[in-house]
Structure formats: C-alpha cells, structure tokens
Amino acid sequence: MTRCLRIPVALLSLSLISAGPADDGRWYAGDYSFSDELGGFRILSIKGSGTAIDPIEISEELYTVNPVTLVMRAAKPIESLKFPEGAFHLRVVTRNKSGLGWIGFDFELQEIRGKPSDFYDGLSFDQMNPNPDFISSDRFAHFENHFESADMLRFDDGHVDPMDRAAFGFFITDLTPVPEFYLVEDPRVPSS
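Scope of this entry: the structure provided in the associated data block. Not measured: the values here are computed from a predicted model.

Rules behind the numbers
- Position numbers for residues start from 1 in each chain and track the written sequence from start to end.
- In keeping with the predicted nature of the model, local features appear solely for residues at pLDDT of at least 70, side-chain atom pairs appear and are counted solely at 80 or more, and the whole-chain, interface and lining totals rest on all residues.
- Only hydrogens and water are removed before side-chain values are computed, so all heavy atoms of the structure are retained for them.
- Note on pairing: two strands pair once DSSP finds at least 2 bridges between them.
- Only runs of H or I of at least four residues qualify as helices and only runs of E of at least two qualify as strands under DSSP, and these elements are numbered from the N terminus.
- Should any heavy atoms of two residues lie within 4.5 Å, those residues are considered in contact.
- Under the rule applied, a polar contact is a pair of N or O atoms within 3.5 Å (in protein, one hydrogen donor and one hydrogen acceptor; residues adjacent in sequence only if both atoms are side-chain atoms).
- Interaxial angles span 0 to 180 degrees and are taken between N-to-C directions of axes, which are lines fitted to C-alpha atoms, for helices over the stretch in contact.
- To count toward a patch, a residue needs a relative accessible area above 30% and no salt bridge. Like charges then connect within 9 Å, nonpolar side chains (Val, Leu, Ile, Met, Phe, Trp, Tyr) within 5 Å.
- For the accessible areas, the method is Shrake-Rupley and the probe is 1.4 Å, while residue cover comes only from the protein chains on display.
- Any carboxyl oxygen of Asp or Glu within 4 Å of a side-chain nitrogen of Lys or Arg constitutes a salt bridge here.
- Note on classification: 1.4 Å probe, protein chains only; a residue is buried when its accessible area is under 20% of the maximum for its type, exposed when over 50%, partly exposed between these limits.
- Buried residues of nine kinds, namely Ala, Val, Leu, Ile, Met, Phe, Trp, Tyr and Cys, make up a nonpolar core once their side-chain atoms join them within 4.5 Å.

Let's talk about the pairing of strand β11 (residues 152-158)
Where strand β7 (residues 104-110) lies against β11, four bridges are found, and the strand directions are antiparallel. Note on β11: the bridge partner recorded for F107 is L153. Of the pairings in the sheet, the one linking strand β10 (residues 140-146) to β11 comprises six bridges and is antiparallel in character. In the strand pairing of β11, F143 is matched with F155. Counting the residues between successive antiparallel strands, the hairpin from β10 to β11 contains five residues.

Describing unusual backbone geometry
A positive phi angle, near 60 degrees, is found at D157, a position not held by glycine. Along the chain, D157 turns up in strand β11. Here the phi dihedral of M163 falls at roughly 75 degrees; this positive angle occurs in a residue that is not glycine. Along the chain, M163 falls in the loop between β11 and β12 (165-174).

Quick word on the environment of E180
With respect to the helices, strands and loops of the structure, E180 is situated in strand β13 (residues 180-188). When the C-alpha positions of E180 and R113 are compared, they lie 9.5 Å apart, and in sequence the two are 67 residues distant. For E180, the contacting residues outside a window of four places in its chain are V71, M72, R73 and E111. At 2.4 Å, the side chain of E180 and the side chain of Y182 are in polar contact.

Side note on the sheet that holds β10
A sheet is described by the order of its strands in space; here seven strands give the open sequence β1-β2-β5-β13-β7-β11-β10, paired in antiparallel fashion. Two strands lie at the open edges of the sheet, namely β1 (27-29) and β10, each paired on one side alone. Ignoring strand direction, the axes of neighbouring strands in this sheet form an average angle of 20 degrees. Here β1 pairs with strand β2 (residues 32-35) via three bridges, running antiparallel. Within β2, the position partnered with Y28 by the bridge is S33.

Re a nonpolar patch on the surface
A surface patch of nonpolar side chains, about 540 Å² in accessible area, is lined by F119, Y120, M128 and L175. Structurally, F119 can be placed in the loop between β7 and β8 (123-124). Given a relative accessible area of 43%, F119 falls into the partly exposed group.

With respect to the nonpolar core
Counting 34 residues, the largest nonpolar core has F34, L90, F107, F170 and I172 as the members making the most contacts within it. With four residues, the top contributor of residues to this core is β12.

What to know about the side chain of D106
Within the secondary structure, D106 is located in strand β7. The class of D106 is buried, set by a relative accessible area of 5%. At a separation of 2.7 Å, a polar atom in the side chain of D106 contacts the side chain of R154.

Some words on the pairing of β2
Along β2, one buried face is formed by Y32 and F34 and the opposite face, lined by S33 and S35, is buried too. If you look at the hairpin formed by β1 and β2, you'll find two residues sitting between the two strands, and G30 has a positive phi there, around 60 degrees.

Below you can see the structure in the form of structure tokens.
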C-alpha cells in the first residue's frame, strides 16, 4: 500500500515545486516567460498554454496606482534562432493592494521599454484582425482598443475596490516577433 502512494505523492510534490518562478526569477507559460522584475507588483502564479481555450493566466497583486510593467520574453523558440509565432491569449487577474479604488484600467504594449508600440513594429492587441470577443473584463463593462499612437486597451464603466480582484482577457499578436517586449498596466483612480 505504501508503495502505491509514493507515485501520487511524488507527482504532487513535483507539481507544487514547479508552481513558482524558475531559478532566474521568471515565470514560464506557453512559449514565453513573464517577470515582475521592474517592481510595483508581484506575480503570484501563472498557468496555461496561450490558446483561446487555455489562455496564459497571470495572477498578481498591484501595490501602486502608478503604471507597472510586465516583462515578457520568448522562452521556447520554435526553430533554432527563431522566436515563437507571436500570438497568444492572455488573462490577467490582479488584486488591488494599492489602497485606492480603481475606476478604470489601461494596458499598453511596448516593443521598446518606455516607447509606445506603433503600427510598424507588428506588436498589438490583434490589430490586423480585431475581435472584440477576445477582449473581456469581469469588473469593467466597456473597453476601447487604440492602435495609434500606441497599442492600448482602456477599460472603464466599473470599479475595483481595495483588496478586490479584477480579471482581464485579450489576445496579443506580434507579426515581427522580438525576444523581449513589455505590457504596461495602469490602474486609473478618480481625480481629486
């Protein structure tokens, strides 16, 4: 009987060990790694492959109302010296630990950190074939998809109280894949 229990216990132990970040501090899912190395938030878990039925899901906590930047890197090249196909479904579940309520939330893609993504870099929220069915939030009823002068999703018509969670879903495409790119997350608070 003891021998029969060793395999399930070993498998459970392995799944718990692999549930956190790798030795390099990055979290791996699908063909990418994800990092909170630039601060202001913390990744709690990641799962999924990046398909429509199994999106990469990032659970995180935001500690500020200032923009934070998620670093994304190609982790599994498809062929030698090539990068992933550059398309994946992403779901971000974020807990508001900023101490202030949010009345909106923006996501902005950047191929070069600090420089908004433009039409010519190929990185977008599916700019070539925008499908509103791929964009969602459980806390905000409305969204706007901006392609110029930056690739940005703006969610509004809702709120997230301190310590509450909000979930967002969208599709990211990169027609000219690069090894590293960024997702700026910007909670919006009421102006005083």
